[in-house]
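Overview (structure and organization)
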Amino acid sequence: MVVTRFAPSPTGYLHIGGLRTALFSYLWARKNGGKFVLRIEDTDKARNSEEATEAILKAFEWLGLEADGEITYQSKRDDIYAKYIKQLLDEGKAYKCYMSKEELAELREKQMANKERTKYDGRYRDFTGTPPEGVEPVIRIKAPLSGEIVVEDGVKGRISFQAEDILDDFVIARADGSPTYNFVVAVDDALMGINEVIRGDDHLSNTPKQIVVYEALGFEIPNFYHVPMIHNSAGKKLSKRDGATDVMAYKEMGYTPQALLNFLVRLGWSHGDQEIFSMEEMIALFNPKDINKSASIYNTEKLDWLNAHYIKNTPNAELAEMLTEYGVMLTSHDKKEILLDALKERAKTLKELATQVEEIVTTPTSYDAKAVKKAFKGNAIEVLNTFGAKLSATDELHLPVDYHTVMESVVNEMEIGFGKIGQPLRVALLGKLSGPGLDIVMAVIGKEETMLRVANAITSQSVTSSV
Ligand code: GLU
C-alpha cells in the first residue's frame, strides 16, 4: 500500500510551496487507494507554536484535504526516539562524543584555514578510554566515510553522493538527549510506514543523512521524489510579495479551494496541455514521476483565470454558501439565482463577487458625483417620476423582463432613448454608472426597494438641482 505524508514544521503558517507538496502526496495516496498521513514536526520548541499547528490544520480543512488516521506529533515521541538511539549505541552503530564546543570550534577553524570541508573528525568513533569530566556527550552515528550514497529519486533520477564529500559522523542526539532533525524524520517515516516521500528539493541534501539512519536501523528506504521549487516570474525563489504567503490569505483574497488546488497541481506537474482539473481528475491522472525536473513559475493571472472559471461553474446555492464567509448572506434570498447568474460570469474572486452583491442589495447612501452630473441632465427627474408611478401601478413584478417592460413603456410613452432612463435609474439604484443589467438589479431587490431607491434619488437630486 502506498503511504505518503506531509510533515510540516509548525514555525509559521502553511505556505503554498508546502501545500503543493502536501497536495502531491495526497493525490498519490488517493490514486493508489493508499494513505496520506500528517506529521507535525514540532521538536524545535523555541520556534514552534500551537497556533501555527492550528493554522495548518485549518488550511487543510478549508481545502478539503483530509489526512488519514491520527496526526503524529514529534514532540510526543521522545521515548520512541530514545529507544532507537539506545539501540544504535548498543549495537555499536552510534557512540558518545565528548568533544567540547571549544574543541569543535578549534577543529573548524583549522579545517577552514586548510581550505578543507568542515566536518567532525571522528575522534571519539573508536574511543575506549576514560571520558573527560564535566562534558555531557552528544551521540553521533557512524556514517560511512567513503563510497557512495545513492538516492534513486523519482523526479530527478539517480543521484549519487560521495560519502567523503558530504558526510561525517553527524549528531543524532544532543547533549541534553534531544534527538536531531534528520534522525527523527527517518525514524518517523520508517515507523509510520511511509514508502513514498514527496517533498521539496530543498530537503535533498538531508536525504543521504536520512539514508544513513535507515540503514543503521535496518529500515527499508522509501522512494523519494524531490520536487523543484516554485519561482517568481523573474526566476527567483518565490517571496512573500510574489505570493509565498499564508494559504489562508488566499481564502481572504477570495480564491476558491478548487482554483488554488488546480493552480498548485499545475505548478511543476502537467498532463498534456490540460489546465482544468477536477479533484477526481487530479487523483486519476497525477503521478509523481511526471513532476517537472525544473522549477515552476508562479503566475497570478493563471490563478485568477482558474478562480474565475470555478466561480462561474459553481452552482449558485453553493456559491451563496461560500459567500457567507465574506459577509454576504444570500443563502435564503429568493432571487439569488438571478443575481449570481448575472454576476458570476465576470467575477475573478469571491471577494470581488461579494462586493458586487453588496453593492446591489444595499440601498445606496450616496451617489457618485460624476455619475450624477452625467445622468441627471434634462428631464431625468421627470423620467424617474414617470417610471416610479408606473412601477407603483404594476402588480406582477418578479422577473427582470417584468421590470424591462415597465422601462420600455416609459421610453415609448415619453419618446426618449433607453439611455435617458437607464442612466438616472442606474444612479438611483446603484449610486454609480457601472454594474449589471438594471432589470436584473430590480428583480433582485424587488418592487418596494426599487421604488424606495428611485424616490430617494428624486428627492436628493430635486434638492440639489433646486439650490
Ligand atoms: N518539516 C520539514 C519542513 O517543514 C519537512 C520534512 C520532510 O518533508 O522531510 O520543511
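Now for a description of the structure that goes with this document. Here the structure is a predicted model, which is why all the values come from computation and not from measurement. (Residues numbered from 1 in each chain as written. Predicted model: local features only at pLDDT ≥ 70, side-chain atom pairs only at ≥ 80, totals over all residues. Heavy atoms only, no water.)

1. Brief notes about the site of the ligand
Taken together, the residues surrounding the ligand are R5, A7, P8, S9, E41, Y181, V185, R199 and H203. Here an oxygen atom of the ligand and a side-chain polar atom of R5 are 2.6 Å apart. Within the side chain of H203, one N or O atom sits 2.9 Å away from an oxygen atom of the ligand. Coverage of the ligand by the protein amounts to 80% of the 300 Å² it exposes when considered alone. Among the residues forming the shell around the ligand, the class breakdown is 4 nonpolar, 2 polar and 3 charged. (Near = heavy atom within 4 Å. Polar contact = N/O pair within 3.5 Å; in protein donor to acceptor, adjacent residues only side chain to side chain. Areas by Shrake-Rupley, 256 points an atom, 1.4 Å probe, with all protein chains shown as cover. Nonpolar A, V, L, I, M, F, W, Y, C, P; charged D, E, K, R; others polar.)

2. So, helix α13 (residues 336-343)
Looking at α13, one finds that the buried residues are K336, L339, L340, A342 and L343. For α13, the angular spread of buried residues about the axis comes to 160°, placing them on one side. (Buried < 20%, exposed > 50% of the residue type's maximum accessible area, 1.4 Å probe, protein only. Helix = DSSP H or I, 4+ residues; strand = E, 2+ residues; numbered from the N terminus. Arc of directions from axis to C-beta.)

3. Quick look at the pairing of strand β2 (residues 35-40)
In summary, the side chains of a regular strand alternate between the two faces of the sheet. For β2, the tally of buried residues reaches 5 of 6 residues, placing the bulk of the element in the interior. Strand direction decides the pairing type here: strand β1 (residues 3-6) and β2, joined by 4 bridges, are parallel. From the neighbouring strand, R5 faces β2, where its bridge partner is V37. Crossover handedness for the path β1 to helix α1 (residues 16-31) to β2: right-handed. Pairing of β2 with strand β3 (residues 72-73) involves 2 bridges; the strand directions are parallel. Counterpart to I40 in the pairing with β3 is Y73. (Pairing = 2+ DSSP bridges. Right-handed = clockwise from strand over helix to strand, strands pointing away.)

4. A short note on the pattern of salt bridges
Applying the stated criterion across every chain, the model contains 21 salt bridges. We note a salt bridge from R123 to D121, for which the minimum N-O separation is 3.0 Å. Using a relative accessible area of 38% as the deciding quantity, one classes R123 as partly exposed. Here E325 and K251 are joined by a salt bridge, their closest N and O atoms 2.9 Å apart. Of this pair, E325 sits in the loop between α12 (316-323) and α13 while K251 sits in helix α8 (residues 247-253); the two residues are 74 residues apart in sequence, bridging distant segments of the chain. A relative accessible area of 52% means that E325 is categorised as exposed. In this structure, a network of salt bridges that share partners links the residues R5, R39, E41, R77, D188 and D189. (Salt bridge = Lys/Arg side-chain N within 4 Å of Asp/Glu carboxyl O.)

5. Considering the packing of aromatic side chains
Enumeration according to the criterion identifies 11 aromatic pairs in this entry. Measuring from centroid to centroid gives 5.1 Å for F263 and Y298, while their planes differ by 90°, and the two rings are edge-to-face. Note that F263 is positioned in helix α9 (residues 257-265) and Y298 in the loop between β12 (296-297) and α11 (300-312), a separation of 35 residues in sequence. Taken as a pair, F263 and Y298 share a single burial class, namely buried. (Phe/Tyr/Trp six-rings, centres within 6.5 Å; stacked < 30°, edge-to-face > 60°.)

6. Let's talk about the pairing of strand β9 (residues 196-200)
Counting buried positions along β9 gives 5 out of 5 residues, so the element sits mostly inside the fold. Taken together, the 5 bridges between β9 and strand β10 (residues 223-227) define a ladder with parallel strand orientation. Residue pairing for β10: V197 is matched across the bridge by F224.

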